[in-house]
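# Structural overview
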Amino acid sequence: MTDSRHWLWIAGLFLLGWLLYLLHPILSPFLIGVLLAYIGDPLVDQLERWKLSRTWAVVVVFGLFSLVLLVLLLVLLPMLGRQLVRLYELAPQMLDWLQHTALPWAQAQLGLADGFWRFDQLKAAFSEHLGKTTDIVGAVLAQATASSLALLGWLGNFLLIPVVSFYLLRDWDVMVAKMRSLLPRNREGFVVQLVGECHEVLGAFLRGQLLVMLALGVIYASGLMLVGLELGLLIGLLAGLASIVPYMGFVVGIGAAVTAGLFQFGGELYPLLGIAAVFMVGQLLEGMLLTPLLVGDRIGLHPVAVIFAILAGGQLFGFTGVLLALPVAAVIMVLLRHAHDFYKLSALYRESPGGSDEPPSPA
């Protein structure tokens, strides 16, 4: 009976995975809604502790999210658009600078043969692909408006996100209590412990790491713009996004910023020192203040595991897989941790070379 129950659970998991694979084209707005509700639930609970009703607390949190989104659309988006246009204008000049200044200097320093870089072929390939992407917005709009049904579907999914988020956020505690009441009574404690550990990992990552990414993006972008780097906002935000993996934001950001700084300022030392100082300050703040305060040591997700989870989720399920990657990785990590503990307590781990469960006597 026990074996048949286990096989029934395995079949149910496979059926659930198969349904997710079939439904993943329509799951994105629901998953984004769940993510927003999960992130906003602690704020709503705090407002409830301040004697505000659940519905009004949700309204206040939604108003805060809407205000942040409005500021991003009205202030940040036009600035990013101008910097993207500027990047496109500078791309040919940067390629020429790379061909006639940077690469010859590196070739002379390293003692490489002429034509080692084959830069003409690289430049031709880059220019070809760059030409294909000049009208990317127009191509997206043309694709979206090619069918009125497709456009309506896209708008419907976009408008569905706040609706799903609102109702999930309003009923979050009720749904959690109902799901807990359905657990088998003899397994409730263990399941609640597993869910609590998953919640601790996910909460630390989604709330803590996202705040760290936001703070680093603001620090890098503000510092680079104060230094006078033309593409400072774009590079700073890119470094903040790359900070989802520890130290990757620093590596990506300082590499792009130094390259842009060499092209813009030439051999001037002080602007390059300013760029280096911005990233050093960002790293110090991240290591000494932001990560200990906002994240702590509760994540437990190795950076390599984060990269693999995101890439694997995107490869298997597209954008839906990217949204599911980190929650699934956190659950798998918690399960593997308990499996490791069970293995260390099992007779298989404690079995002696002679076949006895007792440890061998010391010599």
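Residues numbered from 1 in each chain as written. Predicted model: local features only at pLDDT ≥ 70, side-chain atom pairs only at ≥ 80, totals over all residues. Heavy atoms only, no water.

The number of helices and strands found in the chain is 13 helices and 0 strands. The N-to-C order of helical and strand elements in the chain reads α-α-α-α-α-α-α-α-α-α-α-α-α. By the burial criterion, 26% of the 363 residues in the chain qualify as buried. For the chain, the share of sequence-separated contacts (at least 6 apart) that also reach a separation of at least 24 residues comes to 69%. Working note: accessible area of the chain is about 23900 Å², and carbon and sulfur atoms make up 73% of it. (Helix = DSSP H or I, 4+ residues; strand = E, 2+ residues; numbered from the N terminus. Buried < 20%, exposed > 50% of the residue type's maximum accessible area, 1.4 Å probe, protein only. Contact = heavy atoms within 4.5 Å. Areas by Shrake-Rupley, 256 points an atom, 1.4 Å probe, with all protein chains shown as cover.)

A complete count under the given rule lists 5 aromatic pairs for this structure. Ring geometry for Phe 166 and Tyr 167: centres 5.6 Å apart, planes at 85°, overall edge-to-face. Here Phe 166 falls in the partly exposed class, since its relative accessible area comes to 21%. Following the ring pairs from residue to residue traces out a cluster consisting of Phe 62, Phe 166 and Tyr 167. (Phe/Tyr/Trp six-rings, centres within 6.5 Å; stacked < 30°, edge-to-face > 60°.)

What follows is about the pattern of salt bridges. The tally for this structure, following the rule as stated, stands at 9 salt bridges. In this structure, the salt-bridge partner of Asp 41 is Arg 54, at a minimum N-O distance of 2.8 Å. Residue Asp 41 is located in helix H1 (residues 2-49), and its partner Arg 54 is located in helix H2 (residues 54-110); the two are separated by 13 residues in the primary sequence. Each member of the pair, Asp 41 as well as Arg 54, carries the same accessibility label: buried. A salt bridge links Arg 170 to Asp 171; the nearest nitrogen and oxygen atoms lie 3.3 Å apart. (Salt bridge = Lys/Arg side-chain N within 4 Å of Asp/Glu carboxyl O.)

With that settled, consider the nonpolar core. Of all hydrophobic cores here, the largest spans 24 residues; its most connected members are Val 44, Leu 169 and Val 334. Counting residues per element, the ones that place at least two in this core are H1, H2, helix H5 (148-170), helix H7 (188-227) and helix H12 (319-345). Top element by residues in this core is H7. It accounts for 6 residues. Leu 224, Phe 265, Ile 275 and Leu 290 belong to the second-largest nonpolar core, a separate cluster that totals 15 residues. (Core = buried A, V, L, I, M, F, W, Y, C linked by side-chain atoms within 4.5 Å.)

The next thing to look at is the UniProt feature "transmembrane region" (unreviewed entry) in the chain. Listed under "transmembrane region" (unreviewed entry) in the UniProt record, and renumbered for this structure, are residues 6-36, 56-80, 149-169, 210-238, 244-265, 272-295 and 307-336. Structurally, residues 56-80 comprises 100% helix and 0% strand, and the distance from its first C-alpha atom to its last is 34 Å. As a span, residues 244-265 carries 82% helix and 0% strand, and end to end its C-alpha atoms are 30 Å apart. (UniProt positions renumbered as here; feature names shortened; annotations may be inferred.)

Once that is clear, we can look at the packing of H2 against helix H8 (residues 232-242). Think of two packed helices as two axes; the pair is described by the angle between the axes and how far apart they sit. H8 packs onto H2 with a crossing angle of 110° between their chain directions and a minimal axis gap of 8 Å. Taken together, the axes of H2 and H8 are roughly perpendicular relative to one another. Along the contact surface, H2 presents Leu 76, Met 79, Leu 80, Gln 83, Leu 84 and Leu 87, while H8 presents Gly 232, Leu 233, Leu 234 and Leu 237. Of the residues assigned to the contact of H2 with H8, the class counts are 8 nonpolar, 2 polar and no charged. (Axes fitted to C-alpha atoms, helices over the stretch in contact; angles between N-to-C directions. Parallel < 35°, antiparallel > 145°, perpendicular 65-115°, else oblique. Nonpolar A, V, L, I, M, F, W, Y, C, P; charged D, E, K, R; others polar.)

To continue, consider unusual backbone geometry. With a phi angle near 70°, Lys 51 is a residue other than glycine that sits in the positive phi range. Tracing the backbone through its elements, the reader meets Lys 51 in the loop between H1 and H2.

The subject of this paragraph is H8. Each turn of an α-helix holds 3.6 residues, which means side chains three or four residues apart point in the same direction. Counting buried positions along H8 gives 8 out of 11 residues, so the element sits mostly inside the fold. Within H8 the residues assigned to the buried category are Gly 232, Leu 233, Leu 234, Ile 235, Gly 236, Ala 239, Gly 240 and Ala 242.

A cluster of nonpolar side chains, contributed by Leu 43, Leu 64, Leu 67, Val 68, Leu 69, Leu 70, Val 71, Leu 72, Leu 73, Leu 74, Val 75 and Leu 77, occupies part of the molecular surface with about 1100 Å² of accessible area. By secondary structure assignment, the location of Leu 77 is in helix H2. (Patch = residues over 30% accessible without salt bridge, like charges linked within 9 Å, V, L, I, M, F, W, Y side chains within 5 Å.)

Moving on, we come to the environment of Leu 238. Tracing the backbone through its elements, the reader meets Leu 238 in helix H8. The class for Leu 238 is partly exposed, based on a relative accessible area of 43%. Taking C-alpha positions, Leu 238 is 7.4 Å from Gly 217, a pair spaced 21 residues apart along the chain.

Take Val 191: it is sitting in helix H7. Distance from Val 191 to Arg 180, taken between C-alpha atoms, is 9.0 Å for residues 11 residues apart in sequence.

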